[in-house]
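# Overview (structure and organization)
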Amino acid sequence: MSTSIACVVIEDFAAAAQGIAGALPSVLVDYRQRRAKVVAASAAARAAGVAPGMSLTRARALCPKLTPHPLKLDRVEQMRERTLNALWTFTNRIEQAEDRMPQTAVLWLDLGPTQDDDAARIGVQIGTVLGRMGLTASVGLARGKFTALAAAGQAGCGVQMIARGSEGGFLAPLPVGLLPLEREDARKLDLLGVRTLGQFAALPRSAVSAQFGRRGRLWHLLASGR
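Reference entry: report on the structure contained in this document. (Residues numbered from 1 in each chain as written. Predicted model: local features only at pLDDT ≥ 70, side-chain atom pairs only at ≥ 80, totals over all residues. Heavy atoms only, no water.)

### Some thoughts on the overall build of the protein
Within the protein one finds 10 helices and 8 strands. Relative to the compact-globule value of 17 Å for 226 residues, the protein shows a C-alpha radius of gyration of 19 Å, a close match. Across the 226 residues that make up the protein, the buried fraction comes to 43%. Residue pairs at least 24 apart in sequence account for 54% of intrachain contacts in the protein once pairs closer than 6 positions are excluded. For the protein, the exposed area adds up to about 11,800 Å²; of that, 52% sits on carbon and sulfur atoms. Mean positive and mean negative side-chain charge positions of the protein (28 and 18 charges, respectively) differ by 5 Å. (Helix = DSSP H or I, 4+ residues; strand = E, 2+ residues; numbered from the N terminus. Rg over C-alpha atoms; globule rule 2.2 N^0.38 Å. Buried < 20%, exposed > 50% of the residue type's maximum accessible area, 1.4 Å probe, protein only. Contact = heavy atoms within 4.5 Å. Areas by Shrake-Rupley, 256 points an atom, 1.4 Å probe, with all protein chains shown as cover. Lys, Arg positive; Asp, Glu negative; His and termini not counted. Charge placed at Lys NZ, Arg CZ, Asp CG, Glu CD.)

Printed below as a string of structure tokens:
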């Protein structure tokens with residue numbers, strides 16, 4: 001028995017916290033800066049090309065029917081605390097990805113030594129608990145953080161369990177862009193025709209190390225499901 005990691009991904013976290021999630025194109029805007037900046041965008045707005053980080057002026061040019069709402073950080077923080085309190089009933093070993101907030105909440109839960117069936121059951125319970133709070137979560141379960149995150153990305157609004165020993169096969173067809181690549185690194189791999197994690201994992205370790213150094217060796221392990 002080995003440690004199971006649950007990755008919980010909650011899209012449109014800030015919108016849910018402020019009660020404005022819906023089908024219409026909308027954004028949450030930080031007006032405290034000199035230029036109003038989009039910090040979260042609904043699915044409809046993202047489909048039009050709107051993305052967190054761009055100016056409100058640019059967002060409106062891409063999506064004229066856009067509805068802006070002021071970001072209310074207090075509500076987002078309250079929802080974050082509620083979410084953590086709910087997840088602490090499963091484990092107190094939780095890590096958050098701050099770089100994707102407030103658009104998306106990404107959290108990893110260390111479930112400790114757990115059988116695959118028990119981990120999958122916990123994943124369902126996590127989704128149920130968050131659903132009662134009005135949050136739609138995707139839960140990925142695996143033996144490592146990277147594979148669990150990739151599993152959450154494939155789970156839809158459900159649970160995806162990656163059994164031990166099947167990590168490499170699961171990851172193989174997924175895009176190599178899931179790795180934490182710099183833009184220049186991604187360009188090099190594209191020129192080499194390496195577009196999936198399986199193709200990257202199949203590269204000789206020595207070649208990866210020579211081209212990308214220490215970080216390349218880490219990527220090689222991640223792409224292999226290790």
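Back to the write-up after that little detour.
### Description of the sheet that holds strand β4 (residues 67–70)
Strand pairing in a sheet relies on backbone hydrogen bonds. The paired strands run either parallel or antiparallel. Ordered by their spatial adjacency, 3 strands build an open sheet running β3-β2-β4, and the pairing between neighbours is mixed. At either end of the open sheet lies a strand with only one pairing partner, and these are β3 (37–41) and β4. Pairs of neighbouring strands in the sheet enclose a mean axial angle of 40°, with direction left out of account. (Pairing = 2+ DSSP bridges. Axes fitted to C-alpha atoms, helices over the stretch in contact; angles between N-to-C directions.)

### Examining the sheet that holds strand β5 (residues 94–96)
Reading across from one edge, β5-β6-β1-β7-β8 is the order of the 5 strands in this open sheet, with mixed pairing throughout. A strand with exactly one partner marks an edge of an open sheet, and here the two such strands are β5 and β8 (159–161). Each strand axis lies, on average, 15° off the axis of its neighbour in the sheet, ignoring direction. Contacts from helix α4 (residues 73–87) reach β1 (3–10), β5 and β6 (105–113), with the element oriented near 150° to β5.

### Structural notes on the environment of A186
With respect to the element layout, A186 can be found in helix α8 (residues 183–191). Relative accessible area serves as the criterion here: at 34%, A186 is assigned to the partly exposed category. C-alpha separation for the pair A186 and V176, spaced 10 residues apart in sequence, amounts to 8.3 Å.

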